[in-house]
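Here are the chains, one letter per residue:
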Amino acid sequence: MGVIDLRSDTVTKPTDEMRQAMYRAEVGDDVYRDDPTVNRLEELAASEMGKEAALFVASGTMANQVAVMTHTKRGDEIILGENSHIYVNEVGGIAYLAGVQTALVTETDGVMDDRAVEEKIRTENIHFPETKLICVENTHNKAGGRVVPIEAMEKIHRVGQKHNIPVHLDGARIYNAAAYLNVKAEEIARYCDSVNVCLSKGLCAPIGSVLAGGGEFIERARKYRKMLGGGMRQAGIVAAAGIIAMEKMSKRLGEDHENAMFLARGLNSLDGVSVDIDKVQTNLIMVDFSAAGLNGIQIAEGLKPYGILINGTPSPVVRFAVHYYITEEDVKRTVQTVSLVLNG
Ligand SMILES: *Cc1c(COP(=O)(O)O)cnc(C)c1O
């Protein structure tokens, strides 16, 4: 029996089709803009997001960091969610690299209230920094893959426009949001000025993200990418997989969402385990083991000998991530095994 890896959707390996495309990829030196495959991916990403241009970068973190650096200058303030990936999980890069400070907004199910965002915008005062960016995350990772509704995106964008402040969307999983809402990704990206899209999560590419935005913005972002050491040479080798990620893998995420719901229902039916089914929307589910008196570390240790992997933390609430390599059979085996661990 194979390993069932539910730690993250980043564990997805490239598909056979991706490996073939990588083997055949036409390449060149991308710093000279000579790599036709990277150019093709960037054009595709711009068109998919409804933006003028896009930039292939090494990771989602790099996309977000480059975006913040490009939108701001040192000493500016940015508004973002207190549970956002940019704030929580990027090693303090916005402070260290961009030199900005943060105004945090509490999210409810991953959604920031537009009035709360507007209240954080600084007025002109000799004592104050200037607010230069608003960041939104969709789907929201820490909220368990929750989708920020289009209306909420639109309201925050309107606040930004009113105050002449751009909105950056951390759309690491924007295609999961699009699949859930049954819209094209550009319908979501319409309400931001720049967007990060991860190719290496549920879309199965081995490496990379794209940052999309206005033409002039992306030109400046290209320099920050180079500054961070992210000017890659024959990057078409990996961009080739990114093209398949965007063109093809983005269209099948609904299957992951179905399996995630199946897993959520199965786990919720076990004594001592609870999953708020109404909150499950995409490929991430939050599973609460408090009633069983167990935390994530204990659950992870219990499952490991059976070849089931999760990221255990000291919290009783554990994230399970469903992806391309998790089948319906895997879901059944996971539910059975969790039951065994709890009762054994
Ligand atoms: C994973 C993730 C990122 C960063 O992507 P990496 O490629 O791991 O650097 C950014 N934002 C969100 C919401 C993510 O889930």
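Residues numbered from 1 in each chain as written. Predicted model: local features only at pLDDT ≥ 70, side-chain atom pairs only at ≥ 80, totals over all residues. Heavy atoms only, no water.

### Here's the deal with the overall build of the chain
Turning to step 1, where the next piece is worked out: Counting its secondary structure elements, the chain contains 14 helices and 13 strands.
Turning to step 2, where the next piece is worked out: Scaling as 2.2 N^0.38, a compact globule of 344 residues should have a C-alpha radius of gyration of about 20 Å, and the chain matches this with 20 Å.
Turning to step 3, where the next piece is worked out: For the chain, contacts bridging at least 24 residues in sequence account for 74% of all contacts bridging at least 6.
Turning to step 4, where the next piece is worked out: When the accessible surface of the chain is totalled, it reaches about 15400 Å², and 49% of it is carbon and sulfur. (Helix = DSSP H or I, 4+ residues; strand = E, 2+ residues; numbered from the N terminus. Rg over C-alpha atoms; globule rule 2.2 N^0.38 Å. Contact = heavy atoms within 4.5 Å. Areas by Shrake-Rupley, 256 points an atom, 1.4 Å probe, with all protein chains shown as cover.)

### Section: the environment of E329
Turning to step 1, where the next piece is worked out: The residue E329 is located in helix 14 (residues 328-343) in this model.
Turning to step 2, where the next piece is worked out: The class for E329 is exposed, based on a relative accessible area of 52%.
Turning to step 3, where the next piece is worked out: Sequence spacing of E329 and G202 is 127 residues, and the spatial spacing of their C-alpha atoms is 19 Å. (Buried < 20%, exposed > 50% of the residue type's maximum accessible area, 1.4 Å probe, protein only.)

### As for the site of the ligand
Turning to step 1, where the next piece is worked out: Around the ligand, a shell composed of 13 residues is seen, among which G60, T61, D170, R173 and K201 lie nearest.
Turning to step 2, where the next piece is worked out: With respect to the ligand, the side chain of T61 contributes an N or O atom lying 2.6 Å from an oxygen atom.
Turning to step 3, where the next piece is worked out: Between the ligand and D170 there is a distance of 2.6 Å, counted from a nitrogen atom to a side-chain nitrogen or oxygen.
Turning to step 4, where the next piece is worked out: When isolated, the ligand has an accessible area of 380 Å², and the protein chains bury 86% of it.
Turning to step 5, where the next piece is worked out: In terms of residue count, helix 3 (residues 60-71) provides more of the shell around the ligand than any other element does, three residues in total.
Turning to step 6, where the next piece is worked out: Residues that form the shell around the ligand fall into these classes: two nonpolar, six polar and five charged. (Near = heavy atom within 4 Å. Polar contact = N/O pair within 3.5 Å; in protein donor to acceptor, adjacent residues only side chain to side chain. Nonpolar A, V, L, I, M, F, W, Y, C, P; charged D, E, K, R; others polar.)

### Observations concerning helix 10 (residues 215-227)
Turning to step 1, where the next piece is worked out: The end-to-end C-alpha separation of helix 10 is 19 Å, in line with the 18 Å expected for 13 residues at 1.5 Å each.
Turning to step 2, where the next piece is worked out: Listed as buried for helix 10 are F217, I218, A221, R222 and R225. One face of helix 10 carries all of its buried residues, which in axial projection span an arc of 145°. Among the exposed residues of helix 10, those pointing more than 90 degrees away from its buried face are E216, K223 and M227.
Turning to step 3, where the next piece is worked out: Elements that come into contact with the buried residues of helix 10 comprise helix 2 (36-49), strand 2 (53-57), helix 3, strand 9 (194-198) and strand 10 (209-213).
Turning to step 4, where the next piece is worked out: Positive backbone phi, approximately 85°, marks G229, located one or two places after helix 10. (Expected span 1.5 Å × (residues − 1). Arc of directions from axis to C-beta.)

### Structural notes on the pairing of strand 10
Turning to step 1, where the next piece is worked out: Where burial is concerned, most of strand 10 is hidden: five out of the five residues are buried.
Turning to step 2, where the next piece is worked out: Both faces of strand 10 are covered, namely the face carrying S209, L211 and G213 and the face carrying V210 and A212.
Turning to step 3, where the next piece is worked out: Of the pairings in the sheet, the one linking strand 2 to strand 10 comprises five bridges and is antiparallel in character. Looking across to strand 10, one finds that L55 is bridged to L211.
Turning to step 4, where the next piece is worked out: Of the strand pairs in this sheet, strand 9 and strand 10 are connected by five bridges, and their pairing is antiparallel. Residue C198 lies in a different strand from strand 10, and its bridge partner there is S209. (Pairing = 2+ DSSP bridges.)

### Quick notes on the packing of helix 3 against helix 10
Turning to step 1, where the next piece is worked out: Between helix 3 and helix 10, the least distance of the axes is 9 Å, while the angle of their chain directions is 120°. Judged by the angle between their axes, helix 3 and helix 10 are oblique. Helix 3 and helix 10 meet at a crossing whose hand is right-handed. Along its contact with helix 3, which presents M62, V66, A67, M69, T70 and H71, the element helix 10 presents F217, R220, A221, Y224, R225 and M227. (Axes fitted to C-alpha atoms, helices over the stretch in contact; angles between N-to-C directions. Parallel < 35°, antiparallel > 145°, perpendicular 65-115°, else oblique. Left-handed = near helix turned anticlockwise from the far one by under 90°.)

### A closer look at the side chain of N176
Turning to step 1, where the next piece is worked out: Within the secondary structure, N176 sits in helix 8 (residues 174-181).
Turning to step 2, where the next piece is worked out: Classification of N176 by relative accessible area gives buried; the value is 4%.
Turning to step 3, where the next piece is worked out: Looking at N176, its side chain comes within polar contact range of the side chain of H257, at 2.9 Å.
Turning to step 4, where the next piece is worked out: Residue contacts for N176: discarding those within four places in its chain leaves T139, L253, H257, T282 and N283.

### Quick notes on the nonpolar core
Turning to step 1, where the next piece is worked out: Judged by nonpolar contacts, the single largest core of 59 residues is most densely connected at M49, F56, I174, Y175, V195, L199 and M246.
Turning to step 2, where the next piece is worked out: Per-element tally for this core: the top contributor is helix 11 (residues 236-247), with eight residues.
Turning to step 3, where the next piece is worked out: In this structure L199 touches L41, F56, C204, A205, G208, S209, V210, G242, A245 and M246, once residues within four positions along its chain are discounted. (Core = buried A, V, L, I, M, F, W, Y, C linked by side-chain atoms within 4.5 Å.)

### Remarks on the side chain of D29
Turning to step 1, where the next piece is worked out: Looking at the element boundaries, D29 is found in the loop between helix 1 (16-24) and helix 2.
Turning to step 2, where the next piece is worked out: What makes D29 buried here is its relative accessible area of 18%.
Turning to step 3, where the next piece is worked out: Once residues lying within four places of it in the same chain are set aside, the contact partners of D29 are D34, D35, M232, R233 and Q234.

### Some details on the packing of aromatic side chains
Turning to step 1, where the next piece is worked out: Scanning the model with the defined rule gives two aromatic pairs in all.
Turning to step 2, where the next piece is worked out: Both rings, one in F289 and one in F320, keep their centres 6.5 Å apart while their planes meet at 35°; by these two values the pair is tilted. You can see F289 sitting in the loop between strand 11 (284-288) and helix 13 (296-303) and its partner F320 sitting in strand 13 (residues 317-321), a full 31 residues away along the chain. Here F289 matches F320 in class, with each residue buried.
Turning to step 3, where the next piece is worked out: Here the aromatic rings of Y324 and Y325 are separated by 4.9 Å at their centres, their planes lie at 75°, and the arrangement is edge-to-face.
Turning to step 4, where the next piece is worked out: Assessed through its relative accessible area of 34%, Y324 is described here as partly exposed.
Turning to step 5, where the next piece is worked out: Over the face of the ring belonging to F128 we find R122, whose NZ or CZ atom lies 5.0 Å from the ring centre. (Phe/Tyr/Trp six-rings, centres within 6.5 Å; stacked < 30°, edge-to-face > 60°. Lys NZ or Arg CZ within 6 Å of the ring centre and 35° of its normal.)

As far as function goes, none of this settles anything; it's purely spatial.
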